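Structural overview
Read off the chains here:
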Amino acid sequence: RNKKKEKSHILVIVAMDVELKAILDLPLPFEKRNARGGYTVHHCSSASNARSISVVQSEIGAVRSAMAAQAVLLTFKPTPDTLISLGVGGSLESSLAPGNVIV
């Protein structure tokens, strides 16, 4: 059998500068690309182009996150097959601060 290699493209949407910086500080060769709506997308592909990751900052809020996702989906082909959203949650708990991770 001849198995066809599957390609995978992950889109990560972050809300805050600190979240974007944490990802861009990884030892990966990110390139800046422009998406519709004025969004900057940071993109990195494996040497074989079989796997890739794109990161976009949406600012805080579910609507802004959705707008950023839509801009990337309308701009780039092939479209991502996985979407990970970070930073769209909020809290009424006074002991929590921005940057806390809640699972």
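Values in this document were obtained by computation on a predicted structure and should not be read as measured data. (Residues numbered from 1 in each chain as written. Predicted model: local features only at pLDDT ≥ 70, side-chain atom pairs only at ≥ 80, totals over all residues. Heavy atoms only, no water.)

1. What about the pairing of strand 2 (residues 31-34)?
Here strand 2 runs beside strand 3 (residues 40-45); their pairing, made up of four bridges, is antiparallel. The residue of strand 3 that forms the bridge with Lys32 is His42. (Pairing = 2+ DSSP bridges. Helix = DSSP H or I, 4+ residues; strand = E, 2+ residues; numbered from the N terminus.)

2. What about the sheet that holds strand 4 (residues 51-57)?
Ordered by their spatial adjacency, five strands build an open sheet running 2-3-4-1-5, and the pairing between neighbours is mixed. Looking at the sheet topology across the chains shown, the edges are occupied by strand 2 and strand 5 (82-85). Across this sheet, the average inter-strand angle for adjacent strands is 25 degrees, counted without regard to direction. Across five bridges, the pairing between strand 3 and strand 4 is antiparallel. The residue of strand 4 that forms the bridge with Cys44 is Ile53. Sheet strands in contact with helix 2 (residues 62-75) are strand 1 (8-14), strand 2, strand 3, strand 4 and strand 5, and its direction is about 150 degrees off that of strand 1. (Axes fitted to C-alpha atoms, helices over the stretch in contact; angles between N-to-C directions. Contact = heavy atoms within 4.5 Å.)

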